[in-house]
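Given next are the chains, with one letter for each unit.
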Amino acid sequence: MGKSITDKEQQVTYMKQRLSMFLDVLDAIEPESTELEDIDRLIAMVDDLDSKMQQFKNRPSTDNE
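Described below are features of the structure shown in this document. For every chain, the first residue of the written sequence is number 1, and numbering continues from 1 along that sequence. Reporting in this predicted model follows two pLDDT cut-offs: at least 70 for local features of residues, and 80 or more for side-chain atom pairs to be given and counted; totals over whole chains, interfaces and linings ignore these cut-offs and use all residues. As a rule here, side-chain values cover all heavy atoms of the structure and leave hydrogens and water aside.

### A few points about the overall build of the chain
How we decide: Labels follow the DSSP assignment, with helices taken as runs of H or I lasting at least four residues and strands as runs of E lasting at least two, numbered in each case from the N terminus. Only protein chains enter the calculation, and the probe is 1.4 Å; a residue is then buried if its accessible area is under 20% of its type maximum, exposed if over 50%, and partly exposed in between. Whether two residues are in contact is decided by their heavy atoms: any pair within 4.5 Å suffices. Using a 1.4 Å probe, the Shrake-Rupley method yields the accessible areas, and only the shown protein chains count as cover for residues.
Looking only at helices and strands, one finds two helices and zero strands in the chain. Residues classed as buried in the chain amount to 11% of the 65 residues present. Pairs at least 24 apart in sequence give 77% of the contacts found in the chain among residues at least 6 apart. Per element, the accessible surface of the chain, about 5,400 Å² overall, is 54% carbon and sulfur.

Shown next as structure tokens:
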């Protein structure tokens, strides 16, 4: 696994990148051909984003605030 991100600015950048990836996937979906598995993948992505956000909220910061 990678090193923990404890700097708040890096955490925000990470979340922005992940959200951007999610939006790219969402934009690529064709409503007429979307299947249940596609929706399940989207839900899993949102759950992963939420989980990471909770980790960041509970992680001590190393930045100098």
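Next comes the rest of the description.
### With respect to helix 2 (residues 36-58)
To keep things clear, this is the line we draw: To estimate how far a helix should reach, multiply one less than its number of residues by 1.5 Å.
Taking 1.5 Å of rise per residue, the 23 residues of helix 2 would be expected to cover 33 Å, and the 33 Å separating its terminal C-alpha atoms lies within 8% of that figure. All of the buried residues along helix 2 are Leu42, Leu49 and Phe56. Looking at the packing, one finds that the buried side of helix 2 touches helix 1 (8-28).

### A word on the environment of Gln55
By secondary structure assignment, the location of Gln55 is in helix 2. On the basis of relative accessible area, Gln55 is assigned to the partly exposed category, the value being 35%. Once the C-alpha coordinates of Gln55 and Ile5 are considered, the two residues, 50 residues apart in sequence, prove to be 9.9 Å apart.

### Comments concerning the side chain of Gln11
Relative to the elements of secondary structure, Gln11 occurs in helix 1. Sequence-distant contacts of Gln11, defined by excluding residues within four places in its chain, comprise Ile5, Thr6, Phe56 and Arg59.

### Comments concerning the pattern of salt bridges
Where we set the bar: Basic side-chain nitrogens of Lys or Arg form a salt bridge, by our definition, when they fall within 4 Å of a carboxyl oxygen of Asp or Glu.
Tallied over the full model, the rule gives one salt bridge. Between Arg41 and Asp38 there is a salt bridge, with its nearest N and O atoms 2.8 Å apart. With Arg41 and Asp38 both in helix 2 and three residues apart, this pair spans about one turn of that helix.

### Some words on helix 1
For the record, the criterion: The arc refers to the directions leading from the helix axis to the C-beta atoms.
For helix 1, built from 21 residues, the straight-helix expectation of 30 Å at 1.5 Å per residue is met to within 8% by its first-to-last C-alpha distance of 30 Å. Those residues of helix 1 that fall on the buried side of the exposure criterion are Gln11, Met15 and Phe22. Projected onto a plane normal to the axis of helix 1, the buried residues spread over an arc of 30° and lie on a single side. Exposed side of helix 1, more than 90 degrees from the buried face: Glu9, Lys16, Asp27 and Ala28 are the residues found there. Looking at the buried side of helix 1, the elements it contacts are helix 2.

In short, geometric facts, not functional conclusions.
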